[in-house]
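Chains, contacts and geometry: an overview
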Amino acid sequence: MADTDPYQPENIFARILRGELPAHKVFEDEVALAFLDVMPQSHGHTLVIPKLSVRGMIDMPADAWGPYMVRVQKVAAAVKKGMEAEGLTVRQYEGAAGGQTVFHLHFHIIPRWVGEPLRRHGDSMEKEDVLKANAAKIRAAF
Ligand code: DGP
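Quick look at the structure, then. (Residues numbered from 1 in each chain as written. Predicted model: local features only at pLDDT ≥ 70, side-chain atom pairs only at ≥ 80, totals over all residues. Heavy atoms only, no water.)

With respect to topology, 5 strands assemble into an open sheet ordered β1-β2-β3-β5-β4, the strand pairing being antiparallel. Whereas interior strands pair on both sides, the edge strands pair on one side only; in this sheet they are β1 (25-28) and β4 (87-91). On average, each strand axis in the sheet is inclined to that of its neighbour by 20°, with strand direction left out of account. In this structure, β4 lies alongside strand β5 (residues 107-112), joined through 5 bridges in antiparallel fashion. By the bridge assignment for β5, Leu88 is matched with Pro111. Across the sheet, helix α2 (residues 65-82) is in contact with β1, β2 (32-36), β3 (46-50), β4 and β5; its angle to β5 comes to roughly 20°. (Pairing = 2+ DSSP bridges. Helix = DSSP H or I, 4+ residues; strand = E, 2+ residues; numbered from the N terminus. Axes fitted to C-alpha atoms, helices over the stretch in contact; angles between N-to-C directions. Contact = heavy atoms within 4.5 Å.)

With that settled, the discussion passes to the pattern of salt bridges. Across all of its chains, the model carries 8 salt bridges by this definition. Two residues, Glu10 and Arg18, come together in a salt bridge whose shortest N-O distance is 3.5 Å. Via salt bridges that share partners, Glu10, Arg15, Arg18 and Glu20 belong to a single interconnected network. (Salt bridge = Lys/Arg side-chain N within 4 Å of Asp/Glu carboxyl O.)

What follows is about the environment of Gln73. Residue position: Gln73 is located in helix α2. Distance in space between the C-alpha atoms of Gln73 and Tyr93 is 18 Å, their sequence separation being 20 residues.

In the region of the ligand, 17 residues are neighbours, and Asp37, Thr101, His106, His108 and His121 sit closest. A distance of 3.4 Å separates a nitrogen atom of the ligand from a polar backbone atom of Val38. His106 places a side-chain nitrogen or oxygen 2.8 Å from an oxygen atom of the ligand. Contact with the protein chains hides 90% of the accessible area of the ligand, taken as 510 Å² for the molecule alone. The pocket occupied by the ligand, as judged from atoms lying within 2 Å of grid points, is the largest pocket. (Near = heavy atom within 4 Å. Polar contact = N/O pair within 3.5 Å; in protein donor to acceptor, adjacent residues only side chain to side chain. Areas by Shrake-Rupley, 256 points an atom, 1.4 Å probe, with all protein chains shown as cover. 1 Å grid on protein atoms, 1.4 Å probe; cavity = no way out; pocket = protein on both sides within 12 Å on 5 of 7 lines; lining within 4 Å. Sits in = over half its atoms within 2 Å of the grid points.)

In structure tokens, the structure reads:
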């Protein structure tokens, strides 16, 4: 997809937002939705998406950043606590050349433990029962 292409309403995350596709949701309010990444780089890898139809950070209206990042922070705290992580890596990939594969803005919240390397980005699917168990841990930490 070219960086000049408009937002595509059929992208996977838009479909999750509309309830057309399932997801292991951990948080939702009027501003954002958070759910587990099905190809996690570590256990508990969570994505936080705004409820605005924007491809990436450059398209996000300036006045929408504050409310959205408050949700990113809130979810990050719950992911760290729920997964008993020692730290987090927070990432956002912008544009295909930047590594973005789903063109609806999202931040990755990736739990970290000392000495545990990350799996590769978008590498392999996690088992449903593992995702379900990790989502329950994170939901309980809000
Ligand atoms: P990015 O490359 O930053 O656009 O990250 C997209 C992430 O989304 C990647 O880590 C894999 C994940 N992903 C892809 N398809 C799905 C899906 O259908 N459901 C969920 N929960 N995550 C997905």
